[in-house]
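As a plain string of letters, each chain reads:
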Amino acid sequence: MTIEFQHHQSAHCESGVMSNLLRHEGLNIDEPLAFGIGSALFFAHIPFLKLDNNKIPLTTFRMNPGVILKRVTKLLGVGLTVERFGDVTKAMDAMDRRIEMGFPVGLQVGVFWLPFFPDALRFHFNAHNMVVYGKEGDEYMVSDPTLPEPVRCSARDMRKARFSKGPLAPHGKMYYITSITPDPPVKKAVLTGIKRTCFLMKNPFPIGGVNGIRYLAGRIRKWPGQMPEDQAILYLTNVIRMQEEIGTGGAGFRFLFAAFLQRAADRLPQREWLSAKSSEMTAIGDKWREFALMAAKICKKRNGVGDTFGSAADIVEECWMMERTFFADMCRNLKT
Amino acid sequence: MRESEVPQDAGLFDGMRGLTYAVNKSGRYIQVSTEGWAPVNYANELAREKLDLNLRLILEKIRVGSLSPLAYHMAKAKMDEWLLARYAGVSKRKVKRHLKPGGFARLTEQQMKTYAEIFGISVQALRIPSSGQNV
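In this text, all values refer to a predicted model and were calculated from it rather than measured experimentally.

Summing up its helical and strand segments, chain B has seven helices and two strands in all. Walking chain B from its N terminus toward its C terminus, one meets helices and strands in the order β-β-α-α-α-α-α-α-α. Its C-alpha atoms give chain B a radius of gyration of 21 Å, more than 25% over the compact-globule value 14 Å for 135 residues. In terms of overall dimensions, chain B has a C-alpha envelope of 70 × 30 × 25 Å along the principal axes. Considering chain B as a whole, with its 135 residues, one finds that 46% of them fall into the buried category. Across chain B, every contact between residues at least 6 apart in sequence was considered, and the portion connecting residues at least 24 apart equals 45%. Total accessible area on chain B stands at roughly 7,100 Å², and carbon and sulfur atoms take up 50% of it. Put simply, chain B has 21 plus and 13 minus side-chain charges, and the middle of one group is 11 Å from the middle of the other.

Next comes the structure, spelled out in structure tokens:
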């Protein structure tokens, strides 16, 4: 049984799955729209959360996994059924049944167990998303939005991936669209998405949102004095990985958000202002790229990283100032 | 980032291409396929080197008899004691015990099977560090 399913590659897994599932139902929501309506842009540096197996503090450029599915379906009036399981066999049977009934099924899986990923990307990250749209013998047809083409995955690997353990364990989570509203309020959803992103980025807590960027800058400055050089380098390069690795669309989702603002400009009355904001966000993204380039250069040189870490922190601080201005202006304009 | 500036630096991803968003000539955002970017590739190589170094240290410790082969398979699967304990359904303390040669020797057949299944290898292969594994 194979469902006719159009695979579109995307930068980020969750927004890609959301967009692909919606397009399958005939709603033309592309990836940037799904990302923006889901208000997934964020920033946080959380030193006491060390999910990495090298024990490196967490730096994230987006909201927690699952938020896009939740927000987008809610705002567009889409019925999404989510199921979790305690038992592997039950989870696999339920998925097979749904596919038989003609539903493409979205899954949360652990990346480490997916054989179609290159080894360098297979770490224990449990909140990857993909769509299964068919089964042939013992193999599933998988549309993984971060890959250019659909792939196949054996039932054995699928079982392992769906019941991966550790932080954010999926517990076999699967979801599928059960109903849609024919004419969803996209405009309203776009505006709500922007507003919520502003709200999240402007939050008063010191380690999340815009403030978190300044916090990261301060931490980067301190790293060389706090730990051996090797570890400080590992910490700094980890920020680069979180920012630029496949799945962010470049510059820690900043370009993806800029693309969303451009789509928002096409739909909302504040057309010119939103286009200008999109360009401003592009400039912020470019600044983040500058940081990644600089940080890699510093780490490569190795000698006397003590003071050079400061110059990387300076660029992060510039990012902080730019994003602070950006979101302050955005809040002001949207209040009225 | 402009379309023309999207980097194409092949890295550790075996030719897998990702997507980035970039601005085209008329100022519109489009999707551009990319092979990777040098700073990220460098960061990934460092992470890989760190894992490899760790693996070599563990192999050395197994050779002198201070760790069991399980330590090798655990590190190869990029796990720590806590995560392996989760997969095996035992306590972290027990996993730590099995990482020592003495504790490893006392593993029951059933426990060996559990570990082997996690790593996708045979029970035989579990006794040998640095065997080819297929997870």
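All right, on to the interface of chain A and chain B then. Each partner contributes to the interface: chain A provides 55 residues, whereas chain B provides 40 residues. When the buried surface of chain A facing chain B is broken down by residue, Lys165, Gln262 and Arg289 of chain A rank first, second and third, together holding 13% of it. As a salt-bridge pair, Asp119 of chain A and Lys78 of chain B come within 3.9 Å of each other at their nearest N and O atoms. Linking chain A to chain B there are 20 residue pairs in polar contact (both at pLDDT 80 or more). At the level of elements, α2 (31–37), α5 (155–162), α8 (229–244), α9 (254–267) and α10 (271–301) of chain A are the ones that each hand at least two residues to the side of chain A that touches chain B. The element best represented in the side of chain A that touches chain B is α10 of chain A, accounting for nine residues. Looking at the side of chain A that touches chain B, its residues break down into 25 nonpolar, 14 polar and 16 charged.

Turning our attention to the pattern of salt bridges. This model, assessed by the stated rule, comprises 21 salt bridges over all chains. Taking the shortest distance from any N to any O, the salt bridge between Arg48 of chain B and Asp119 of chain A comes out at 3.7 Å. Here the residue Arg48 of chain B occupies a position in helix α1 (residues 38–64), and Asp119 of chain A occupies one in the loop between β4 (105–109) and β5 (128–136), the pair thus bridging two chains. The partly exposed category is assigned to Arg48 of chain B, whose relative accessible area is 31%. One salt-bridge network, in which partners are shared between bridges, spans Lys277, Glu280, Asp329 and Arg332 of chain A.

Let us look at the domain arrangement of chain A. All names here are of chain A. Annotation of chain A at the domain level lists domain 1 (13–37 + 79–179) and domain 2 (186–335). One C-alpha centre belongs to domain 1, the other to domain 2; they are set 29 Å apart. With twelve residues of domain 1 at the interface, the matching set in domain 2 holds 15 residues. For the pair domain 1 and domain 2, the two sides together bury roughly 1,100 Å², of which 77% comes from carbon and sulfur. Our enumeration of links across domain 1 and domain 2 arrives at one salt bridge. Between Asp30 and Arg263 there is a salt bridge, with its nearest N and O atoms 2.5 Å apart. The tally of links between domain 1 and domain 2 comes to one residue pair in polar contact (both at pLDDT 80 or more). In terms of residues, the side of domain 1 that touches domain 2 owes the most to one element, α2, which gives six residues. Looking at side-chain class alone, the side of domain 1 that touches domain 2 contains seven nonpolar, three polar and two charged residues.

All names here are of chain A. Unusually for a residue other than glycine, Ser39 sits at a positive phi of about 40°. Even without glycine at this site, His171 takes up a positive phi of about 50°. Taking the relative accessible area as the measure of exposure, His171 reaches 44% and is therefore partly exposed.

As a further point, take the environment of Lys92 of chain B. All names here are of chain B. Mapped onto the secondary structure, Lys92 falls in helix α4 (residues 92–98). Among the residues examined, Lys92 registers a relative accessible area of 38% and is labelled partly exposed. If we skip the residues at most four places from it in the chain, Lys92 touches Glu81, Trp82 and Ala85.

Backbone hydrogen bonds hold the strands of a sheet together, and the pairing may be parallel or antiparallel. Residues and elements named next belong to chain A. Across the sheet, six strands lie side by side as β3-β8-β4-β5-β6-β7; this open sheet has antiparallel pairing. Of all the strands in the sheet, the pair left with one neighbour each is β3 (79–83) and β7 (151–154). Neighbour-to-neighbour, the strand axes of this sheet turn through a mean angle of 40°, independent of strand direction. Inspection of the sheet shows strand β6 (residues 139–143) paired to β7 by four bridges, in the antiparallel sense. In the strand pairing of β7, Val142 is matched with Val151. Strands β4, β5, β6 and β8 (174–179) of the sheet are contacted by helix α4 (residues 88–100), whose axis makes an angle of about 65° with β5.

The rules behind these values
The numbering scheme is per chain: residues are counted from 1 as the chain's sequence reads. Think of it this way: whatever chain is written first is A, whatever ligand is written first is 1, and the rest follow in order. Under the rules for a predicted model, residues below a pLDDT of 70 receive no local features and side-chain atom pairs below 80 are neither given nor counted, while totals for whole chains, interfaces and linings still include all residues. Side-chain figures throughout are based on the complete set of non-hydrogen atoms in the structure, without hydrogens or water. Comment: elements are numbered from the N terminus, with helices defined as DSSP H or I runs of at least four residues and strands as E runs of at least two. Radius of gyration means the value over C-alpha atoms here, while the globule rule gives 2.2 Å times the residue count to the 0.38 power. Throughout this description, buried means an accessible area under 20% of the type-specific maximum (1.4 Å probe, protein chains only), exposed means over 50%, and partly exposed covers the range between. Contact criterion: two residues are considered in contact whenever any of their non-hydrogen atoms come within 4.5 Å of each other. Per-residue accessibility takes into account occlusion by the displayed protein chains alone, with areas from the Shrake-Rupley method and a 1.4 Å probe. Counted charges follow a simple rule, with Lys and Arg positive, Asp and Glu negative, and His plus the chain ends left uncounted. Where a charge lies is defined by one atom per residue type: Lys uses NZ, Arg uses CZ, Asp uses CG and Glu uses CD. By buried area we mean the combined loss of accessible area, with a 1.4 Å probe, across both parts when two parts are placed together. Salt-bridge detection follows one rule: a side-chain nitrogen of Lys or Arg within 4 Å of a carboxyl oxygen of Asp or Glu. Contacts described as polar in this section are N or O atom pairs within 3.5 Å, which, within protein, must combine one atom able to donate a hydrogen with one able to accept it, while residues neighboring in sequence count only if both atoms come from side chains. Note that Gly is not counted as nonpolar here; it falls among the polar residues with everything else outside the nonpolar set of Ala, Val, Leu, Ile, Met, Phe, Trp, Tyr, Cys and Pro and the charged set of Asp, Glu, Lys and Arg. Boundaries of every domain are those given by an automatic assignment or by a domain database. The criterion for strand pairing is that DSSP finds at least two bridges linking the strands in question. Inter-axis angles, ranging from 0 to 180 degrees, are taken between N-to-C directions of lines fitted to C-alpha atoms, where helices are fitted over the stretch in contact.

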